[in-house]
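Examining the three-dimensional arrangement
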Amino acid sequence: MSLFDWFADRRKGQSTVKVNQEPDEGDGLWSKCPECGQVVYLKDLRANASVCANCGYHNRINSDERIAVIADPGSFQSFDDALSPTDPLGFKDRRAYADRLKESQAATGLQDGVITGFCRVEGLAMALAVMDFRFMGGSMGSVVGEKITRLIERATKDKLPLLVVCASGGARMQEGMLSLMQMAKISGALERHREAELLYMPLLTHPTTGGVTASFAMLGDLILAEPKALIGFAGRRVIEQTLREKLPDNFQTAEYLQDHGFVDTIVPRTQLRSTLANLLRLHGSRPLELSSR
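Residues numbered from 1 in each chain as written. Predicted model: local features only at pLDDT ≥ 70, side-chain atom pairs only at ≥ 80, totals over all residues. Heavy atoms only, no water.

1. Let's talk about the overall build of the protein chain
Stated formally: Here a helix means four or more residues in a row that DSSP labels H or I, a strand means two or more in a row labelled E, and each is numbered from the N terminus. Think of it in three bands: with a 1.4 Å probe and only protein chains considered, a residue is buried below 20% of the maximum accessible area for its type, exposed above 50%, and partly exposed in between. By definition, residues are in contact when any of their heavy atoms lie within 4.5 Å. Note that accessible areas follow from Shrake-Rupley with a 1.4 Å probe, and for residues the cover is restricted to the protein chains shown.
When you go through the protein chain residue by residue, the secondary structure sums to ten helices and nine strands. Burial statistics for the protein chain: of 293 residues in total, 44% are counted as buried. Counting only contacts in the protein chain whose residues sit at least 6 apart along the sequence, the fraction spanning at least 24 positions is 68%. On the protein chain, roughly 15700 Å² of surface is accessible, and the fraction owed to carbon and sulfur atoms is 52%.

2. Topic: the packing of aromatic side chains
Filter applied, for reference: Whether two aromatic rings pair depends on their centres lying within 6.5 Å, for rings of Phe, Tyr and Trp, where Trp uses its six-membered ring; planes under 30 degrees apart make the pair stacked, over 60 edge-to-face, and the rest tilted.
Applying the stated criterion across every chain, the model contains two aromatic pairs. For the ring pair Trp30 and Tyr41, a centre distance of 5.5 Å and an interplane angle of 50 degrees mean the geometry is tilted. Separated by eleven residues along the polypeptide, Trp30 in strand β1 (residues 30–32) and Tyr41 in strand β2 (residues 39–41) bring together distant segments of the chain. On the basis of relative accessible area, Trp30 is assigned to the partly exposed category, the value being 31%.

3. Looking at helix α5 (residues 142–157)
Our working rule: To estimate the expected span of a helix, count its residues, drop one, and scale the result by 1.5 Å.
Counted at 1.5 Å a residue, the expected span for α5 with its 16 residues is 22 Å, and the 22 Å between its end C-alpha atoms agrees. Among all positions in α5, only Val143, Val144, Gly145, Lys147, Ile148, Thr149, Leu151, Ile152, Ala155 and Thr156 are buried. Following α5 by one or two positions, Lys159 has its phi on the positive side, about 55 degrees.

4. Details of the environment of Met140
If you trace the backbone, Met140 turns up in the loop between β5 (124–131) and α5. On the accessibility criterion, Met140 (0% relative accessible area) is buried. For Met140 and Ala167, which are 27 residues apart along the polypeptide, the C-alpha to C-alpha distance reads 10.0 Å. Leaving out residues up to four positions away in the same chain, Met140 has contacts with Ser168, Gly170, Ala171, Arg172, Ser179, Gln182, Met183, Ile186, Gly211, Val212 and Phe216.

5. A word on the sheet that holds strand β8 (residues 224–225)
As a reminder of what qualifies: Note on pairing: two strands pair once DSSP finds at least 2 bridges between them.
Strands sit in the order β3-β4-β5-β6-β7-β8-β9 across an open sheet of seven strands; the sheet is mixed. The outermost strands of the open sheet, each flanked by one partner alone, are β3 (77–79) and β9 (265–266). Direction of pairing for strand β6 (residues 162–168) relative to strand β7 (residues 200–208): parallel, over a ladder of six bridges. Within the sheet, the bridge partner assigned to Val165 lies in β7 and is Leu203.

6. Focus: the packing of helix α3 (residues 63–70) against helix α10 (residues 272–282)
Put simply, the rule is: Structural elements are reduced to axes, namely lines fitted to C-alpha atoms, with helices fitted over the stretch in contact, and the angle between N-to-C directions of any two is expressed from 0 to 180 degrees. An angle below 35 degrees is treated as roughly parallel, one above 145 as roughly antiparallel, one from 65 to 115 as roughly perpendicular, and anything else as oblique. Ten residues, namely Ala, Val, Leu, Ile, Met, Phe, Trp, Tyr, Cys and Pro, are considered nonpolar, four, namely Asp, Glu, Lys and Arg, are considered charged, and the remaining ones, Gly among them, are considered polar.
Axis separation between α3 and α10 bottoms out at 8 Å; the angle between their running directions is 55 degrees. Classified by the interaxial angle, the pair formed by α3 and α10 is oblique. In contact with Ala68, Val69 and Ile70 of α3, α10 contributes Leu272, Arg273 and Leu276. Class assignment of the residues belonging to the contact of α3 with α10 gives a composition of five nonpolar, no polar and one charged.

7. Section: the pattern of salt bridges
Let me state the cut-off plainly: Put simply, a salt bridge is a Lys or Arg side-chain nitrogen that is within 4 Å of an Asp or Glu carboxyl oxygen.
For the structure shown, the criterion picks out 17 salt bridges. The salt bridge involving Arg154 is made with Asp80; its shortest N-O contact spans 3.0 Å. Separated by 74 residues along the polypeptide, Arg154 in helix α5 and Asp80 in the loop between β3 and α4 (97–108) bring together distant segments of the chain. The buried category is assigned to Asp80, whose relative accessible area is 18%.

8. Regarding the pairing of β5
Most of β5 sits out of view: eight of its eight residues are buried. Burial along β5 is two-sided: Leu124, Met126, Leu128 and Val130 and Ala125, Ala127, Ala129 and Met131, pointing in opposite directions, are all buried. Two strands pair when backbone bridges link them, and strand β4 (residues 114–121) and β5 are joined in this way by eight bridges, in the antiparallel orientation. Looking at the pairing, Gly117 lines up with Leu128 of β5. Linking β4 back to β5 in an antiparallel pair, the connection comprises two residues, with Glu122 at a positive phi of about 50 degrees. Sheet topology places β5 next to β6; four bridges connect them, and they run parallel.

9. A look at the nonpolar core
Threshold: Put simply, buried Ala, Val, Leu, Ile, Met, Phe, Trp, Tyr and Cys residues joined by side-chain atoms within 4.5 Å make one nonpolar core.
In this structure, Ile148, Leu162, Leu204, Phe216, Ile231 and Val263 are the most contacted members of the largest nonpolar core, which totals 34 residues. Elements represented by at least two residues in this core include exactly β4, β5, α5, β6, α6 (176–195), β7 and α9 (254–259). When residues no more than four places from it in sequence are discounted, the contact partners of Ile231 are Leu204, Thr208, Met218, Ala225, Gln252, Ala254, Leu257 and Val263. With 31 residues, the next largest nonpolar core counts Leu110, Cys119, Val130 and Leu203 among its residues.

Here is the structure:
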């Protein structure tokens, strides 16, 4: 028998069954961290606010999960849930805007890209708006602007501090100028909230860009951010072509913006509720009965 035939016989006798050494993410029980590659039990990941315990990577979460991280259990009272967007321009690109809205509403169970209401944080009353990136990239249309404005006005009337969780690709192009007008409308309401000497904090999450960054995301008394969140107005390519120079790799991260004075503090998600409670106490917040109006 030749040496070649001997190796061929050896291979025939070996098992050809491939053993999978990693759990299957598709079974709904496991999740693989996109940053460090560690596979974790999905239940444990969610119990840690969807933050990787190995490297601290913050997975994207939806608005309901975000509210659960911030608000005391059972304390959130939502407002204006029935407000729904229309298609005032009859906009159509590859698909009709009306169809995109219906698809996003069916996929998320939301009427539009933000949830607003009152809540308690360690017993302290606070107004809360949470943008949801799942709904057309968290884009700011007329309903998003109206809901946030109404919340700010309620917070001003009831003398409550305000937190807006930003997660957005910017203004919603399908509504044209009507979307851009929301920047001024929200900013005006925030100015009246400031004149009442009330605290406003935006929380910048991944990503916060475009018209949201250019308006209420940067108007806070204290600007908070999550670790490694992408924060900016225009994209890297547009800025580099305009300035005609190469920018640092991390120039639109929360850490870079904190180093350059645009962000006050970076708060890990697992510490968010306690940090917010401490900030509220420092600014004189007290336990209050929440209005259901």
